[in-house]
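Residue-level structure breakdown
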Amino acid sequence: MSFLTRLLQPMQPCETAAAYLLTCLNVPFTRTHLQKELEEHPDYPSLAAIADVLGISYNVASGALNMQREQILAQTEIRTPFMAHIKSPRGGTVFSVVTRFSANAIGLYDPGSQKTETLSPEAFDALYLGTILAVEAEKSSIEKEYAKHQQEEKQKNRLSHLLLLSLPVLTLAICLLAVITTRSYAVIAPVVFTLIALSGTVVSTLLLWFEVDQYNPALKQICQAGKKVNCSAVLNSRASTLFGLSWSSIGFTYFAGMLILLLVTGIRNPVSLELLSWINMLALPYIGFSIYYQWKIARQWCLLCLLIQGLLLLQFVTALSGSFHGLLPLSEISGAAAFSTAAIFGTVFIAIQLLIPALKKAKALRKKTTELQRLKHNPQIFEALLAKQKSIEMPATDLGITLGNAKARFKLVKVCNPYCGPCAKAHPVMEALAENNEDLCLQVVFTATEDEKDIKKAPVSHLLAVDSKNDQLLTKKALDDWYNAPVKDYAAFAANYPLNGELKMQDRKIKAMREWCDAVQVAFTPTFFLCVNTAEENAKFYQLPELYTVADLNYFLAV
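Everything quoted here is computed from the prediction, not taken from an experiment.

Calculation criteria
- Residues numbered from 1 in each chain as written.
- Predicted model: local features only at pLDDT ≥ 70, side-chain atom pairs only at ≥ 80, totals over all residues.
- Heavy atoms only, no water.
- UniProt positions renumbered as here; feature names shortened; annotations may be inferred.
- Helix = DSSP H or I, 4+ residues; strand = E, 2+ residues; numbered from the N terminus.
- Domains from an automatic or database assignment.
- Contact = heavy atoms within 4.5 Å.
- Buried area = accessible area lost by both parts, 1.4 Å probe.
- Salt bridge = Lys/Arg side-chain N within 4 Å of Asp/Glu carboxyl O.
- Buried < 20%, exposed > 50% of the residue type's maximum accessible area, 1.4 Å probe, protein only.
- Expected span 1.5 Å × (residues − 1).
- Phe/Tyr/Trp six-rings, centres within 6.5 Å; stacked < 30°, edge-to-face > 60°.
- Axes fitted to C-alpha atoms, helices over the stretch in contact; angles between N-to-C directions.
- Parallel < 35°, antiparallel > 145°, perpendicular 65-115°, else oblique.
- Nonpolar A, V, L, I, M, F, W, Y, C, P; charged D, E, K, R; others polar.
- Polar contact = N/O pair within 3.5 Å; in protein donor to acceptor, adjacent residues only side chain to side chain.

Attention shifts here to the UniProt feature "domain: Peptidase C39" (unreviewed entry) in the chain. The UniProt record annotates "domain: Peptidase C39" (unreviewed entry) at residues 12-135. Measuring from the first to the last C-alpha atom of residues 12-135 gives 21 Å, for a span that is 37% helix and 32% strand.

This brings us to the UniProt feature "transmembrane region" (unreviewed entry) in the chain. Sites flagged by UniProt as "transmembrane region" (unreviewed entry) map to residues 162-181, 187-210, 242-263, 275-295, 302-324 and 336-359. Across residues 302-324, helical content stands at 83% and strand content at 0%; the span's end C-alpha atoms are separated by 30 Å. Summarising residues 336-359: 100% helix, 0% strand, and an end-to-end C-alpha distance of 34 Å.

Let us look at the domain arrangement of the chain. Parsing the chain into structural domains produces domain 1 (3-137), domain 2 (166-366) and domain 3 (380-557). Here the C-alpha centroids of domain 1 and domain 2 sit 41 Å apart. Taken together, the contact pairs 9 residues of domain 1 with 11 residues of domain 2. Summed over both partners, the interface of domain 1 with domain 2 buries about 830 Å², with 58% contributed by carbon and sulfur atoms. Area buried by domain 1 at its contact with domain 2 is led by F3, R6 and L7, which between them contribute 53% of it. Along the contact surface separating domain 1 from domain 2 lie 1 salt bridge.

With that out of the way, let us pick up the environment of M83. Structurally, M83 can be placed in strand β2 (residues 82-87). On the accessibility criterion, M83 (0% relative accessible area) is buried. The spacing of M83 and Q71 is 12 residues in sequence and 15 Å in space, taken between C-alpha atoms. In contact with M83, not counting residues within four places along its chain, are A17, A18, L21, L47, I50, F95, S96, V97, T131, I132 and L133.

Attention now moves to helix α14 (residues 303-321). Helix length check: α14 (19 residues) gives 27 Å between terminal C-alpha atoms against 27 Å at 1.5 Å per residue, within 8%. Taken as a whole, α14 has its buried residues at L304, C305, I308, Q309, L311, L312, Q315, F316, T318 and A319. Next to the buried residues of α14 lie α8 (188-212), α9 (217-223), α10 (231-235), α11 (247-265), α12 (270-283) and α13 (285-298). Just past α14, the residue S323 takes up positive phi, approximately 55°.

Before going further, it helps to spend a moment on the packing of aromatic side chains. Applying the stated criterion to the full structure yields 18 aromatic pairs. Taken together, a centroid distance of 5.4 Å and an interplanar angle of 80° make the contact between F193 and F324 edge-to-face. Placement of F193 in helix α8 and of F324 in the loop between α14 and α15 (335-376) is noted, with a sequence separation of 131 residues between them. Side by side, F193 and F324 carry an identical accessibility label, which is buried.

This brings us to the packing of α12 against α13. Helix-helix packing: each pair is described by the crossing angle between the helix axes and the interaxial distance. Direction vectors running N to C along α12 and α13 enclose 30°, while the axes themselves pass 5 Å from each other. The angle between α12 and α13 falls in the class roughly parallel. Contact with α12, carried on its side by M281, L282 and A283, involves P285, Y286 and I287 of α13 and no other residues of that element. Per-class residue counts for the contact of α12 with α13 are 6 nonpolar, no polar and no charged.

Looking now at the environment of A491. Relative to the helices and strands, A491 resides in helix α20 (residues 490-496). Look at A491 and you get exposed, because its relative accessible area is 56%. Separated by 472 residues in the primary sequence, A491 and A19 have C-alpha atoms spaced 46 Å apart.

Before going further, it helps to spend a moment on helix α7 (residues 146-181). End to end, α7 covers 49 Å across 36 residues, agreeing with the expected 52 Å (1.5 Å per residue, within 8%). Where α7 is concerned, the buried positions are H149, E153, S160, P168, T171, C175 and A178. Buried residues belonging to α7 abut α1 (3-8), α3 (31-39), α8 and α11.

So, about unusual backbone geometry. Look at the link from T80 to P81: it is a cis peptide, with omega at 0°. Examined against the element boundaries, P81 turns out to sit in the loop between α5 (69-74) and β2. In the Ramachandran plot, N26 falls in the positive-phi region, its phi being about 60° despite a non-glycine side chain. Along the chain, N26 turns up in the loop between α2 (13-24) and α3. With a relative accessible area of 66%, N26 lands in the exposed category. Despite not being glycine, F243 shows a phi value in the positive range, around 55°. With respect to the helices and strands, F243 occurs in the loop between β7 (241-242) and β8 (245-246).

Residue placement: N437 occurs in the loop between α17 (421-435) and β12 (440-446). Reaching out from N437, the side chain makes a polar contact with the backbone nitrogen of D439 at a distance of 2.9 Å.

Structural data, given as structure tokens:
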């Protein structure tokens, strides 16, 4: 996984471990969807959350077991890869992926360092906390709507990479063109000066990124590279700001302003080079201040800050070697040139002052949205909201089409229109719900009427007639063919399911469904009614709260 990917799409250890596990199992998945599913789980981060997401979203069977190392070895049916709960070398606990397990050696993937290491049994015992998650993938294991999610993720990655790499690529191209077209050693200093400005822009961008997301795993890998390296201690200290402005934003303004000015006016423009060389000289005292503060006061080093100091010094040396300070008499530098320089630096400064708060706000909003989703998926909250919804006084017994075990604990009634778009979208979700829960009964009730002019009557009559053959596989296939078809063509559908007069026998059923829908006052389709325990005396069906979709029921219909 590239540094840029980890920077743009950071994953916490729980998510990284789950992603690596799916990779080991050869299960196609997208990082974006996996992360979303895990973060929105009410028990995130936990083995329970990982197990639920693996089962619901990827069709990977799993089971949590409390076992010691010797017991795992004795159980031949437990095969690698599996997950283990271990102590983290960086403190706390993590879920690690065991890739190899034998009496002599254990292969362990650390989601923090994202590296696999081989441990002795004794070293593993010192870290292992006694719980594993055994998993088993099937040939059908794949992320739901994988092709769609993959396409969306690729487009998002292409756009973000394009935005981030366009300026560096443009700068390198201009520098290369200058070297090719100018056959003189005089071009070397301006090219080096420009490349230093580009490097400073990149490093100061990482510093700004740290302001927005200091827990980004990619940045933490840089900023915690040694015992004395701690960017957070330096960047969150009292000396990290000047008059309320962070040194990171000042540094970005300095380097990005230089780079843009050089690209706009030309990297060999003598006026620009002289102005920038004097600006560089004004920045030199910051080198001493920053190094002294890190060395004597903070007693911690910020690796990114040290890179900035090195680039400032290297820039000064380059300006001296190219004699930038005396390219032109100061009297020949026009006011227009000075104003243009100030305008570019000012524009960069204002842009960054607007952008950083917006990014922080967006990150906070995403965090709140995820927390609200997690709260929404809490079973206690769902049950409390469900109990306040409209309840059905007359159950939909013997109406429509019933799929699954009629005596199941959970029963979900879907009231739908055969030509309703949202009903069609909900159909595969309902089927997946039933596949993941053997103790769920599905019932489909239609809103058609007996009137021959009602276009809904023909397909509903046909589906009911197919169901009257008492072949659930055939009924399921007929429902799939109708609802999953991009265009609802009744003639084509009827040709695939020929009947012998059964259509004329469905009016009574259609009338009973219409009367039931009128009695319970169905206002829109699809409408879902759920009973969470059909075994209870006087079990009630409640309308699914507007806040929830049928896909959300995966979190609650646990057996």
